[in-house]
Amino acid sequence: MNLRLTKYYYGDIPEEKTGGGTAASSSNTEAGWPLWEVFIRSKQGLDHKHVGSLQAADAQMAIENARDVYTRRSEGISIWVVESKHIHASNPDDAGAFYEPANDKVYRHPTFYDLPDELKHM
Amino acid sequence: MYEPDNDDAASLIHYLLYLGDNALVLSQRNSAWCGHGPVLEQDIAITNISLDLIGQARSFYQYAASLEGKEVTEDTLAYLRGERAYYNCLLLELPNGDWGHTILRQFFFSVFQQQLYKQLLPSKDSTIAAIAEKSLKEVAYHVRWSSEWVIRLGDGTEESQARMEKALVALWAYTGEFFQPAEYELAAAREGIGPVVAALQPGWWQQVQEVLAEATLQAPEQGKTWMQTGGKTGRHTEHMGYLLAEMQYLQRAYPGATW
Amino acid sequence: MSVQELEQLFQAKVDQEIKIEPKDWMPDAYRKTLVRQISQHAHSEIVGMLPEGNWISRAPTLKRKAILLAKVQDEAGHGLYLYSAVETLGTTRNQTIEDLHSGKAKYSSIFNYPTLTWADIGAVGWLVDGAAILNQVMLCRTSYGPYARAMVRICKEESFHQRQGFDILLQLSQGTPEQKAMCQDAINRWWWPSLMMFGPKDGESTHSDQSMTWKIKRKSNDELRQQFVDMIVEQAKILHMTLPDPELKWNEARGHYDFGEIDWVEFWNVVKGNGPCNKERLQARRDAWEEGAWVREAAAAHAAKRKDRQAQQVA
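The structure displayed is predicted, hence computed values, not measured ones. (Residues numbered from 1 in each chain as written. Chains lettered and ligands numbered in written order. Predicted model: local features only at pLDDT ≥ 70, side-chain atom pairs only at ≥ 80, totals over all residues. Heavy atoms only, no water.)

*Asks:* How would you summarise the overall build of chain A if you had to cite specific residues and measurements?
*Replies:* The helix and strand tally for chain A stands at three helices and three strands. Listed by position from the N terminus, the elements making up chain A come as α-β-β-α-β-α. Split by element, the accessible area of chain A, about 8000 Å² in all, is 55% carbon and sulfur. (Helix = DSSP H or I, 4+ residues; strand = E, 2+ residues; numbered from the N terminus. Areas by Shrake-Rupley, 256 points an atom, 1.4 Å probe, with all protein chains shown as cover.)

Encoded structure:
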């Protein structure tokens, strides 16, 4: 059971590439509360940003734990939590296929266009 | 601005000490969990509550000290009064027991504190009203956090329910004291500084009942339990002396030193 | 790709200061080293709560009490951030904690020394946190992304810790004769254990070389130790306190302070479990965990019940 659990969160390593001892499960380890990822909006107008993770028995507790753990110094005004197992991450091996095609579409960036200096507010 | 005459001033100071002592003594108890909680996240959570409470205590003591004048400070009030001059409710000085006891006590007290502080908002004493306003935000969170834990533990496993039932029996007899006014509370009510505390009971009971019901815990029958009192007038349990001896040790051992 | 090629790619990234992230390929040994080091670090934060927590109930003023509470609580937070970083490597927090409780995992030996007087809280803040910060600042640039990010957060929060320690000692150093004596005594007891915190000498540290190549560590034990000595000697002057080492003196040629030899017999004994508080510390952690088991189970059971009820309502 634990073996399965440890394999399904965002820090997961493809099985064929894992080394010894990484996903070691031990039968007497208490299952523990699920892991949650925490996202915090530090002030109005900004995106929620990933700040870390924590354990909680349910979503309610996860939000409260996030408040207690990650906003002790007034770091936030809004909290999102999501159970880590629900996060699907892209595979770094796909990085080429995912991101490189965008590299040659420089025309998507405003700096691509060389316009006369007299032109204002564009 | 409210300006008390001499007798009233003494009574107001008592009242402030009562409010401060409640917060400090529970903070002292809760802080023993720091480093020993059942899971890291909750270790942090209960310490946040301890920090809120110690902050509240300091606000009340600082105000009391300013009324006393002379050499009185928040620290002389906290560290140089003996057990007979402490006015906190007995419930708050009881040993922590297990996490269930700690949670249930927090719940009983936080609900009471919330009722009380709400009624302090219109206080004629603007300093008290301001402290209450600031503290209410903290207390609202304490109520929420402790309510949820009471529900979780009550409606959790067989063991957790049994533990909560035990805690309920042990602590219930100490909840009546909240609503039995001491002389300084009656005076505060007369002066429009604080509420009539007996009138806070129905609201408290209502909220406690709701949470206990959701926690599948049997609420004690009202009026059936003999209520322990005395803390508000400085008649404490035997636990209090040890609590103060520990807390005040350095100030007592090195009189006059600055830390 | 062959493992060799993957390893080359990995090392090239590290050399270019590109952070390694959880899903990236990494050598098994790198992963193992990280799990060991980060979990040791996490355990140190958690066990480190105990010696300072020992004085929360007896802090001499309300302000000091609040500061100390906040500080020890921060350490719980730091432990949590670090356990989370370990989780990104495929080891759950409970497994990591179990290794601590079974005695398999180590934590910093410094926390096996007792806090005997209030001055110890000052000395721990000044010397122990001071030593820890040097290590932690270095680790903000460590090659593994989640570890580096946890360290950035930790360093930000730690910045007040050393100050509060120094502030406690400063007050004592200006106080009554008894307070001054208390202050000097605490410094005497904590000085050598603090130097030991940086670990064995460079030649004898088994993990150091590889960790440097992988940029997990970025400065050697001895480099950090020297940096610490140079820093503390100057600060001690402000306190008008002495450090208990007759060999401590400025070396013009090196541009550093020379200092005496650490008692390595004591060092290895404390590592092996013979320190003054090894047993108490570990027992305190085990007790907290075992006594909390019913709480964790109850919360999990309640969450499951709630989920079932919601499912039934929907159906």
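*Asks:* Report on the interface of chain B and chain C, specifying residues and quantitative values.
*Replies:* At the interface, 46 residues of chain B touch 47 residues of chain C. For the pair chain B and chain C, the summed buried area comes to about 4000 Å², and 67% of that belongs to carbon and sulfur atoms. In terms of surface lost to chain C, no three residues of chain B exceed Leu-40, Asp-155 and Trp-259 of chain B, which account for 17% of the buried area on that side. Along the contact surface separating chain B from chain C lie three salt bridges. Measuring nitrogen to oxygen at the nearest pair gives 2.9 Å for the salt bridge that ties Asp-155 of chain B to Lys-305 of chain C. Looking at the side of chain B that touches chain C, the elements that each hand over two or more residues are helix H1 (6-30), helix H2 (40-68), helix H3 (74-79), helix H5 (99-120), helix H6 (126-154), helix H7 (158-172) and helix H10 (239-253) of chain B. Among the elements that take part in the side of chain B that touches chain C, H2 of chain B stands out by supplying 11 residues, more than any other. When the residues that make up the side of chain B that touches chain C are grouped by side-chain class, the tally is 21 nonpolar, 14 polar and 11 charged. (Contact = heavy atoms within 4.5 Å. Buried area = accessible area lost by both parts, 1.4 Å probe. Salt bridge = Lys/Arg side-chain N within 4 Å of Asp/Glu carboxyl O. Nonpolar A, V, L, I, M, F, W, Y, C, P; charged D, E, K, R; others polar.)

*Asks:* Before we move on, can you summarise the nonpolar core with the specific residues and values?
*Replies:* Ranked by size, the top nonpolar core spans 198 residues in total, and within it Tyr-15, Trp-99, Phe-108, Trp-149, Val-150 and Trp-204 of chain B together with Trp-118 of chain C carry the most contacts. Excluding residues within four positions of it along the chain, Trp-149 of chain B makes contact with Trp-33 and Met-61 of chain A, Gln-42, Trp-99 and Ile-103 of chain B together with Val-295 and Ala-299 of chain C. (Core = buried A, V, L, I, M, F, W, Y, C linked by side-chain atoms within 4.5 Å. Buried < 20%, exposed > 50% of the residue type's maximum accessible area, 1.4 Å probe, protein only.)

*Asks:* Give me unusual backbone geometry: which residues, what numbers.
*Replies:* Residue and element names in this part refer to chain B. Here the phi dihedral of Lys-70 falls at roughly 50 degrees; this positive angle occurs in a residue that is not glycine. Residue position: Lys-70 is located in the loop between H2 and H3. Look at Lys-70 and you get exposed, because its relative accessible area is 75%.

*Asks:* Now, about the environment of Ala-45 of chain B: what can you tell me, with residues and values included?
*Replies:* Relative to the helices and strands, Ala-45 of chain B resides in helix H2. Of the residues examined, Ala-45 of chain B reaches a relative accessible area of 2% and is grouped as buried. In this structure, the C-alpha to C-alpha distance between Ala-45 of chain B and Gly-154 of chain B, residues 109 residues apart in sequence, is 19 Å. Those residues in contact with Ala-45 of chain B that sit more than four places away from it in its chain are Asp-68 of chain A together with Trp-145 of chain B.

*Asks:* Got a sec to walk through the sheet that holds strand S2 (residues 49-55) of chain A? Specific residues and values, please.
*Replies:* All names here are of chain A. Spatially, the three strands line up as an open sheet ordered S2-S1-S3, and their pairing is antiparallel. Edge positions in the open sheet fall to S2 and strand S3 (78-83), since each of these has one partner strand only. Along the sheet, successive strands turn relative to each other by an average axial angle of 30 degrees, direction set aside. Relative to S3, strand S1 (residues 35-41) runs antiparallel, the two being bridged by six bridges. Pairing of Arg-41 across the sheet is with Ser-78, part of S3. Each of S1, S2 and S3 touches helix H2 (residues 59-70); the most contacted strand, S2, lies at about 115 degrees to it. (Pairing = 2+ DSSP bridges. Axes fitted to C-alpha atoms, helices over the stretch in contact; angles between N-to-C directions.)

*Asks:* Please provide a residue-by-residue account of helix H5 (residues 93-101) of chain C, values included.
*Replies:* Across the nine residues of H5 of chain C, seven count as buried, placing the element largely inside the fold. Of the residues making up H5 of chain C, those classed as buried are Arg-93, Asn-94, Gln-95, Thr-96, Ile-97, Leu-100 and His-101 of chain C.

*Asks:* Talk me through the packing of helix H6 (residues 118-139) of chain C against helix H10 (residues 221-239) of chain C; I want residue IDs and the actual numbers.
*Replies:* Geometry of a packed helix pair, given as the angle between the helix axes and the separation of the axes. Residues and elements named next belong to chain C. Here H6 crosses H10 at 140 degrees, and the two axes come no closer than 10 Å. The orientation of H6 with respect to H10, classified from their angle, is oblique. When you trace H6 past H10, the crossing you get is right-handed. Residues Trp-126, Leu-127, Gly-130, Ala-131, Leu-134, Asn-135 and Met-138 of H6 form the contact with H10, whose participating residues are Leu-224, Gln-227, Phe-228, Met-231, Ile-232, Gln-235, Ala-236 and Leu-239. (Parallel < 35°, antiparallel > 145°, perpendicular 65-115°, else oblique. Left-handed = near helix turned anticlockwise from the far one by under 90°.)

*Asks:* Residues and numbers for the confidence of the model for chain A, please.
*Replies:* Residues and elements named next belong to chain A. On average, residues of chain A score 73 in pLDDT, and 74% of them reach the 70 mark or higher. Across chain A, the secondary-structure element scoring lowest on mean pLDDT is helix H1 (residues 2-6), at 32, and the one scoring highest is S3, at 95. Low confidence marks residues 1-27, where pLDDT is under 50. Its contacts with residues over four positions away, or in another chain, come to 54 contacts. (pLDDT = per-residue confidence, 0-100.)

*Asks:* I'd like a rundown of the packing of aromatic side chains, residues and numbers included.
*Replies:* Counted under the stated rule, the structure contains 34 aromatic pairs over all chains. Considering the side-chain rings of Phe-112 of chain B and Phe-178 of chain B, the 4.3 Å spacing of their centres and the 5 degrees angle between planes classify their relative orientation as stacked. Taken as a pair, Phe-112 of chain B in helix H5 and Phe-178 of chain B in the loop between H7 and helix H8 (183-191) lie far apart in primary sequence, 66 residues in all. Phe-112 of chain B gets classed as buried once you look at its relative accessible area, which sits at 0%. Relative accessible area serves as the criterion here: at 0%, Phe-178 of chain B is assigned to the buried category. By the ring-pair criterion, three or more aromatic residues cluster together here, those being Phe-107, Phe-108, Phe-109, Phe-112, Trp-172, Phe-178, Phe-179, Trp-204 and Trp-205 of chain B. Over the face of the ring belonging to Tyr-141 of chain B we find Arg-67 of chain A, whose NZ or CZ atom lies 3.5 Å from the ring centre. Here the guanidinium or amino end of Arg-81 of chain B rests over the ring plane of Tyr-86 of chain B, the centre of that ring lying 4.2 Å away. (Phe/Tyr/Trp six-rings, centres within 6.5 Å; stacked < 30°, edge-to-face > 60°. Lys NZ or Arg CZ within 6 Å of the ring centre and 35° of its normal.)

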